[in-house]
Amino acid sequence: MANRTGTAQRPNGSTQGKICQFKLVLLGESAVGKSSLVLRFVKGQFHEYQESTIGAAFLTQTVCLDDTTVKFEIWDTAGQERYHSLAPMYYRGAQAAIVVYDITNQDTFGRAKTWVKELQRQASPTIVIALAGNKQDLANKRMVEFEEAQTYADENGLLFMETSAKTAMNVNDIFLAIAKKLPKNEQATAQGGSGQGRRLAEGDTGAKAAGNCCK
Amino acid sequence: MPVSLLTDPQMQFGAITFFAKLHKGDTCGSNGLPLTPNSIIVIGKAQFLKTIKHPYLCQYLDIIRGKHERTVVVSQYCGEPLSNYISKEQFTLDEIRKIAFQILTALKELHQRKIVHRNLSTDNILLQQNKDIKLFNYGLYYMTGCGQLVSFPIMQVLYSAPEVYLDSPSGIFSDPKSDIWSVGIVLIELILKKGLWQSLKLGQRIRKILSLIQCNNSSVFERIAREHNCFETYETIPDDLKNLVEACLSIYPKNRSTAEELLQREMFEDFTTKKTPNKSKVCEPFEVFTINELYHWWQLAGGDVFQELKKQGLIRSSPPILSLPNLVSIEGSTLGQERNPATLYDPRIVQMPLDALYQRFAHIPLTCYYPLIHATSKIIESSMPPPYDATGLPLIIREKDPEYQFHRVILFRRLLHGYPYTKELILKEASKDIPPLLRGEVWAALLSIKGDYERQYLRIDKETPTTTDRQIEVDIPRCHQYNELLSSTEGHKKLKRILKAWVYQNSNYVYWQGLDSLTAPFLYLNFNNEAKAFACLSAFIPKYLHKFFLKDNSMVIQEYLAKFSQLIAFHDPHLANHLHYINFYPELFAIPWFLTVFSHVFPLYKILHIWDKLLLGDSSFPLHIGLSVLTQLRDRLLNSGFNECILLFSDLPEVDIEKCVSYSMATFESTPKSITTREHQNGKFHPTSELDISSVTLQELNRERCPRISATDFVNLVRSKPEKILTIDIRNPVQFSRSSVMNSINIPFSSVSFGEASLENVGQHSTRIANSKNEIIVVIGNEETDLELFPKFLLKCGVSRVCVLHGGFSLLASATPTILISNTQM
Ligand SMILES: Nc1nc2c(ncn2[C@@H]2O[C@H](COP(=O)(O)OP(=O)(O)O)[C@@H](O)[C@H]2O)c(=O)[nH]1
Ligand SMILES: [Mg+2]
């Protein structure tokens, strides 16, 4: 169902699908695999020597859900604590967030919780938050138990999956789960892209960009 | 005739090759990432060997990686192995003493550097024409991590000490004393004039060596002599030599002397007193060029080590099908593969042919080896051949042209030798281009590195754990890892130490992600000199990134980005208007550009070329690089909306670096300095006067889309390049006629209607402005005029090079009345 290659698949026969556009931000401690998850989702690749992210990077990917085409505008942020001051600029107006931690490192889970709190306080109240326990391929070095994270996610109403950017496990799935949970009425569509993001998503993004797919 | 300088018999080199151990299957490290290939670890370790320069040691020149973990080691190779002489009865006892002295001196040098040879034999002791010796291939054990990184044993049957045999195959026993044993065996061969146990098979030879352990209290030398029917010779040997050999061949390493101890023996006194070269601490002796340079030129002239190894049959390719295993288990282990004999050690050495290079350089006259630097005599100049001219060629070609690089390297070696007194000349020459071979040193000179930076670096605590460590540790394995040096274990360690040292040394600053990338070029160029890499980084940051690494650097970065926007507006109003219209601000994409001066954005080879020029400029140069990157992408940007633009920068397309550099240089030179003046720039590198721009707040800066120009720059332009400037005075006509700047035009602010972005609105002078192609347009007003609307209007109309005089007319009136005229008097 999900389509990795970038152009949206048109569901058989139906010529007119709804197009929704959502702004999604990735947050989490440095080196937990945020950029790798995005790279896997957008390009189907994994780079062992992924470069660190300074400031932020922007990518887009489209997935098709039944008769709806969902276009993600993804902001991948820098993980280092110091770049924290930039983060609000990216999550402001975001409809979805993936907070990532590394299952082999307990501290990154703690940091993920802090991000969730910050989002709950500062971001849009309707934001869909997913928690991703990444590097699942290293389960033999696990420091964060699945159940612990699941419980935490349930208590806070988060989507939760353990993922691996390396093996691609659950990568598309987590984005799809988010896409499913996002409201896809006309209003959301209109909002998508312009949002409250003062600067990040104004301009002519909405209509023109969406026009690229599912015409 | 002049080639004779090149054909020094000691300036020759050869190569050996071996395979590093292959990691089994697709094993991963504890972080889930692939293990660093062993050949890369070898390359990292071997770099240190290149620093060893010693008369009795062949100099290491290069370590290259081939396919499938093949490793090629290039080093000086000259003279003939001692083994060729052994049975020819060549050496007098005095000559043997001298050889012993030189081998021990060489070993002492190695052991001091914690390098164990482990491989010493008469095959890799090379006798020179002048009868001195040089050890060859002494670093194999060291570079392979005490043999851990290869699958063959590093030892020499016959020459290896008993304890080497007794060590387990995977043991990393590395006692320098085992080399001393080997010296003993070599000396016996020289004295007895025969190779030992020549007729025996390998296993028997080993048994012979091990059986020596039994002569615990008797003489090993005597026993060997008897076994070779040489007891008579043995008895005639003078005691000093006999004792020396005996001391080398003590069974227990703990009883064996060290090289240093042996060298103190009376028998060597003559050599030691004779051999005290008058080494000056102040100034190293100058060499016109070294074997390093020769190797570099040889490569440029088409020399190819791999090609030579293939020609000699050292590298043979076998069809890949032969290397298929019979069985592969799910876990990835393979079965049924015959051991490839090529993975064993092949002791052959291939001498590299130099004739082609000699021929190529044959016509270069001797005078070119000794370029005149300070002389400005017309007579001498006219007697010189015309300089080799390559200035018209693209940089990439110049860097590959052997003859051009010959001249550049010779010249720069001279200049660097005279540094710091030659700083000006280095600057001048570096502005043409920098020879890649000497880039590290030239950069250090451009950054004014001098003094005892090594001791300073030594003093810094680089070990104590800090809270920054985790961040540094996760960043290093992501930093320019395509590069062999930076991805090697040694490279990681060094980068970590330098970063920790910097954080320790700069307590007012903190580690920001990106500092790793910034350090990478310096480490790459000074891989064997961490202290210098650190000194360069420490000099670079205050000059180009002053305050960028403050814990709260937002003011500094925002100011820099605001200046960037203004610079775009100044040179390319069209692009600036478009980016402004789609809300595409530099803070979305340019933070990594400027925080790391593009070192996080481009691959190393591009950074080197950009920084070659950056180091000649000041902290505004990165703005110009940024502008030139945008310029290259201009058409795509102009045709794109927000999303496409930002995608473009998330995955930056190929940038033509030579174009980028030349365009940056052009705008850098044509832009008055004050256009890019910042509050946060380092005053040390930007002296200012009262007429310069100061106290502009960030808010003002963000509002003003056109930059300000200082009165200093303005007055200079009016005086020296009046044709380059168009002054627009927007005060009211009365004020204008009372006093105004020479040649200025008056467009009273109140006379313009700003509604529509059309130049006609400015009235009679609109064509004058529209035709101003290369002029800088300076808007002058005073307290009563709005200094933002009018320039912004010009910008919207697509007028380029618009700036505003800082301080307005009143500043001019008080400071430099000489450029003013009074119209009423006329
Ligand atoms: N084993 C494993 N390594 C991963 C995975 N995801 C990322 N990495 C590695 O972890 C490091 C940091 O990843 P990166 O995407 O740069 O993290 P970010 O700082 O959160 O963006 C890189 O070396 C990746 O190759 C994963 O799922 N499994
Ligand atoms: Mg990242």
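The present account deals with the structure reproduced in this document.

Parameters and conventions
- Counting of residues starts from 1 at the beginning of each chain's written sequence and follows it residue by residue.
- The order in which chains are written sets their letters, starting at A; the order in which ligands are written sets their numbers, starting at 1.
- Reporting of local features is limited, given that this is a predicted model, to residues whose pLDDT is at least 70; pairs of side-chain atoms are given and counted only at 80 or more, and all residues count toward the totals for whole chains, interfaces and linings.
- Note that water and hydrogens are dropped before the side-chain values are worked out from all heavy atoms of the structure.
- Every helix listed is a DSSP run of H or I at least four residues long, and every strand listed is a run of E at least two residues long, numbered separately from the N terminus.
- Contact definition: two residues touch when any of their heavy atoms are within 4.5 Å.
- In these tables, accessible area is a Shrake-Rupley quantity obtained with a 1.4 Å probe, and a residue counts as shielded only by the protein chains included in the view.
- Burial classes: relative accessible area under 20% of the type maximum marks a residue as buried, over 50% as exposed, and values in between as partly exposed (1.4 Å probe, protein chains only).
- Polar contacts, as used here, are pairs of N or O atoms within 3.5 Å; protein pairs need one atom able to donate a hydrogen and one able to accept it. Residues neighboring in sequence count only if both atoms are side-chain atoms.
- For this description, a residue counts as near a given molecule or strand if any of its non-hydrogen atoms is within 4 Å of it.
- Basically, the charged four are Asp, Glu, Lys and Arg, the nonpolar ten are Ala, Val, Leu, Ile, Met, Phe, Trp, Tyr, Cys and Pro, and anything else, Gly included, counts as polar.
- Note on terms: buried area is the combined drop in 1.4 Å-probe accessible area of two parts once they are placed together, counting the loss on both.
- Whenever Lys or Arg places a side-chain nitrogen within 4 Å of a carboxyl oxygen from Asp or Glu, that contact is recorded as a salt bridge.
- Distances define the donors: N, O and S atoms within 2.8 Å of the metal qualify, as do those within 3.2 Å of Na, K or Ca. Water is excluded, so some sites may look unfinished.
- Pairing between two strands is assigned when DSSP locates at least 2 bridges connecting them.
- Axis lines are fitted through C-alpha atoms, for helices just across the contact stretch, and the angle between N-to-C directions can take any value from 0 to 180 degrees.
- Note on terminology: a nonpolar core comprises buried Ala, Val, Leu, Ile, Met, Phe, Trp, Tyr and Cys residues joined through side-chain atoms within 4.5 Å.

In this section: the overall build of chain A. Each helix and strand counted, chain A has seven helices and six strands in total. Listed N to C, the secondary structure of chain A is β-α-β-β-α-β-α-β-α-β-α-α-α in terms of helices and strands. In chain A, the share of contacts with a sequence separation of at least 24, taken over all contacts with a separation of at least 6, comes to 76%. Per element, the accessible surface of chain A, about 8900 Å² overall, is 48% carbon and sulfur.

Residues and elements named next belong to chain B. Along the chain, the position of Arg348 falls in the loop between strand 8 (334-335) and strand 9 (350-351). With relative accessibility at 37%, the residue Arg348 sits in the partly exposed group. Between the C-alpha atom of Arg348 and that of Ala15, which follows or precedes it by 333 residues, the distance is 8.7 Å. Beyond its immediate stretch of four places on either side in the chain, Arg348 contacts Ala15, Ile16, Gln312, Gly313, Leu314 and Arg316. A polar side-chain atom of Arg348 sits 2.9 Å from a polar atom in the side chain of Asp346.

The next subject is the site of ligand 1. Neighbouring ligand 1 are 23 residues, the closest being A:Ala31, A:Ser36, A:Asp137, A:Ala165 and B:Arg478. More than one chain approaches ligand 1, the contributing ones being chains A and B. Within the contact set of ligand 1, an oxygen atom lies 2.6 Å away from a side-chain nitrogen or oxygen of A:Ser36. When ligand 1 is considered free in solution it has 580 Å² of accessible area, and contact with the protein chains removes 97% of it. Top contributing element to the shell around ligand 1 by residue count: helix 1 (residues 34-43) of chain A, with three residues. Of the residues assigned to the shell around ligand 1, the class counts are six nonpolar, ten polar and seven charged.

Frequently, the measure chosen for interface size is the accessible area that the parts lose on association. Listed per partner, the contact involves 40 residues of chain B and 43 residues of chain A. Between chain B and chain A lies a buried interface of about 3400 Å² when both sides are counted; carbon and sulfur atoms form 53% of it. Among the residues chain B hides against chain A, the three largest losses belong to B:Arg478, B:Gln513 and B:Asn643. Together they make up 18% of the total. Counting across the interface, chain B meets chain A through two salt bridges. A salt bridge links B:Asp651 to A:Lys43; its shortest N-O distance comes to 2.5 Å. Looking at the side of chain B that touches chain A, the elements that each hand over two or more residues are helix 21 (469-475), helix 28 (591-595) and helix 32 (642-650) of chain B. Per-class residue counts for the side of chain B that touches chain A are 17 nonpolar, 15 polar and eight charged.

Let's shift gears to the coordination of the magnesium ion (ligand 2). All names here are of chain A. Taken together, Ser35 (OG) and Thr53 (OG1) make up the full set of protein donors to the magnesium ion (ligand 2), lying 2.1 Å away. Placement of the pair is Ser35 in helix 1 and Thr53 in the loop between helix 1 and strand 2 (56-65), with a sequence separation of 18 residues. On the accessibility criterion, Ser35 (11% relative accessible area) is buried. For Thr53, a relative accessible area of 12% corresponds to the buried category.

In this section: the pattern of salt bridges. Residue and element names in this part refer to chain B. Using the criterion set out here, one finds 38 salt bridges over all chains in the structure. Between Arg439 and Glu399 there is a salt bridge, and its shortest N-O distance comes to 3.2 Å. Taken as a pair, Arg439 in helix 19 (residues 439-446) and Glu399 in helix 16 (residues 395-400) lie far apart in primary sequence, 40 residues in all. Residues Arg634 and Asp572 are paired through a salt bridge, measuring 2.6 Å at the closest nitrogen-oxygen approach. Of this pair, Arg634 sits in helix 31 (residues 634-638) while Asp572 sits in the loop between helix 26 (554-571) and helix 27 (573-581), and the two are 62 residues apart along the sequence.

Residues and elements named next belong to chain A. Pairing in this open sheet of six strands is mixed, and the strands run 2-3-1-4-5-6 from one edge to the other. Looking along the sheet, the strands with just one partner apiece sit at the ends: strand 2 and strand 6 (159-162). When the angles between neighbouring strand axes are averaged without regard to direction, this sheet yields 25 degrees. With four bridges joining them, strand 1 (residues 18-27) and strand 4 (residues 96-102) adopt parallel strand pairing. By the bridge assignment, Val25 is partnered in strand 4 with Ala97. Its contacts with the sheet place helix 4 (residues 146-155) against strand 4, strand 5 (128-134) and strand 6, and it is angled at close to 165 degrees to strand 6.

Moving on to helix 29 (residues 604-614) of chain B. Within helix 29 of chain B, ten of the eleven residues are buried, leaving the element largely enclosed by the surrounding structure. The complete set of buried residues in helix 29 of chain B reads B:Leu604, B:Lys606, B:Ile607, B:Leu608, B:His609, B:Ile610, B:Trp611, B:Asp612, B:Lys613 and B:Leu614.

Our next topic: the nonpolar core. The biggest cluster of nonpolar side chains holds 287 residues, and the ones touching the most others in it are B:Phe540, B:Phe549 and B:Leu794. It is helix 5 (residues 177-192) of chain B that contributes the most residues to this core, ten residues altogether. In terms of nonpolar packing, the next biggest core, distinct from the first, is built from 31 residues, A:Leu26, A:Phe41, A:Met161 and A:Ile174 among them.

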